[in-house]
Amino acid sequence: MSKTAYIVRHINFENAGILESVLIDRGFELTYIEAPLANFEHYDATAADLVIVCGAPIGAYDEKLYPFLTDEIKFITDRINSKKPLLGICLGAQLISRIMGGHVGPMKHGKKEIGFGPLEFTPEGASSPLALLGNVPVLHWHGDEFEIPKGAVRLAKTELCPNQAFSVGTHILGLQFHMEADPAFIESWLVGHCAELSNAGIDIPKLREDAKRLRQELPAAGKAACIAWLEQNHLGL
């Protein structure tokens, strides 16, 4: 019997990325929910075996500017309350933190964290599925940060951002970084976020070169961590 996964997407290229093939190989039927245009009433957040909420270049507190976030927040709240597997990436993790009472806002030093860099794991993170990422640089792309919400465990940090990942039990995983991003498609990110890159003074050629260097190593590590998390939640083969 096939399993189902809802993937909440805000912009086309910030999708499930390398995780898609992992899920399909494990018998998942994937349904993308295009958040800015979706009628969330058509989707039961508690029905799917897995829900993934992807990133976006908007804030977790921007529902006055982007009213669809109000319905998305209700959808994520329903999923949290179901205690079924939920993966939040970047904005997705920020929304989970906010719903659970954590503060979300610009990083205090005022910088953006954009580029590839390794994680530093907490003791809890070192014994979690994320440990399979090892020292492999992952993609960071954010200016906001989340607080670790009450009842969650901090798993990783970087020099610029002390809260890079958290878990609630085994069923909720929130990632500030982009474990899902396929370096082979970095050009879509460079074009889609060109204004942000320019304003932040990011070295685009270096970002492109780093992606090329990590084309094989990063997807392999990301898939391994994802598989371990799925198995932890009894969603393996």
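Scope of this entry: the structure provided in the associated data block. A quick note: this is a predicted structure, and the numbers were derived from the prediction, not measured.

1. Things to note about helix α2 (residues 68-82)
Taking 1.5 Å of rise per residue, 15 residues should cover 21 Å, and α2 covers 22 Å from first to last C-alpha, within 8% of that figure. For α2, the set of buried residues is F68, L69, E72, I73, F75, I76, R79 and I80. Down the axis of α2, the buried set is contained in an arc of 160°. They therefore lie on one face. In this structure, α2 carries K74 and N81 as exposed residues pointing more than 90 degrees from its buried face. Residues of α2 that are buried in the fold lie against β1 (3-9), β2 (28-34), β3 (50-53), β4 (86-89), α3 (91-99) and β12 (172-175). Two residues or fewer after α2 comes K83, characterised by a positive phi angle close to 60°.

2. Remarks on the pairing of β4
Where a strand is regular, its side chains alternate between the two sheet faces. Alternating positions in β4 separate into two faces, L86 and G88 on one and L87 and I89 on the other, with burial throughout. Pairing analysis gives three bridges linking β3 to β4, with the strands arranged parallel. The residue bridging V51 from the neighbouring strand is L86, located in β4. Considered for its hand, the β-α-β crossover made up of β3, α2 and β4 is right-handed. Judged from the four bridges that link them, β4 and β12 form a sheet pairing that is parallel. Counted as the bridge partner of G88 is G174 from β12.

3. Things to note about the sheet that holds strand β11 (residues 165-168)
Sheet architecture is open: eight strands sit in the order β2-β1-β3-β4-β12-β11-β10-β7, paired in mixed fashion. Two strands close off the open sheet at either side, each with one partner strand: β2 and β7 (120-121). The sheet contact formed by β11 and β12 spans four bridges and is antiparallel. Bridging across to β12, V168 finds its partner in I172. Across the sheet, α2 touches β1, β2, β3, β4 and β12, and the angle it forms with β3 is around 140°.

4. Observations regarding the pairing of strand β6 (residues 113-117)
Counting buried residues along β6, five of its five residues qualify, which places the element largely inside the surrounding structure. As defined by bridge partners, β6 adjoins strand β8 (residues 138-142) across five bridges and the pair is classed as antiparallel. The residue of β8 that forms the bridge with E113 is H142.

5. Concerning the environment of N135
Within the secondary structure, N135 is located in the loop between α4 (123-126) and β8. Separated by 14 residues in sequence, N135 and F121 have C-alpha atoms that sit 9.8 Å apart.

6. Details of the environment of R215
Take R215: it is sitting in the loop between α7 (204-213) and α8 (217-232). Note: C-alpha distance between R215 and A184 (31 residues apart in sequence) is 6.0 Å. Those residues in contact with R215 that lie beyond four places of it in its chain are P183 and A184.

Rules used throughout
- Residues numbered from 1 in each chain as written.
- Predicted model: local features only at pLDDT ≥ 70, side-chain atom pairs only at ≥ 80, totals over all residues.
- Heavy atoms only, no water.
- Helix = DSSP H or I, 4+ residues; strand = E, 2+ residues; numbered from the N terminus.
- Expected span 1.5 Å × (residues − 1).
- Buried < 20%, exposed > 50% of the residue type's maximum accessible area, 1.4 Å probe, protein only.
- Arc of directions from axis to C-beta.
- Contact = heavy atoms within 4.5 Å.
- Pairing = 2+ DSSP bridges.
- Right-handed = clockwise from strand over helix to strand, strands pointing away.
- Axes fitted to C-alpha atoms, helices over the stretch in contact; angles between N-to-C directions.

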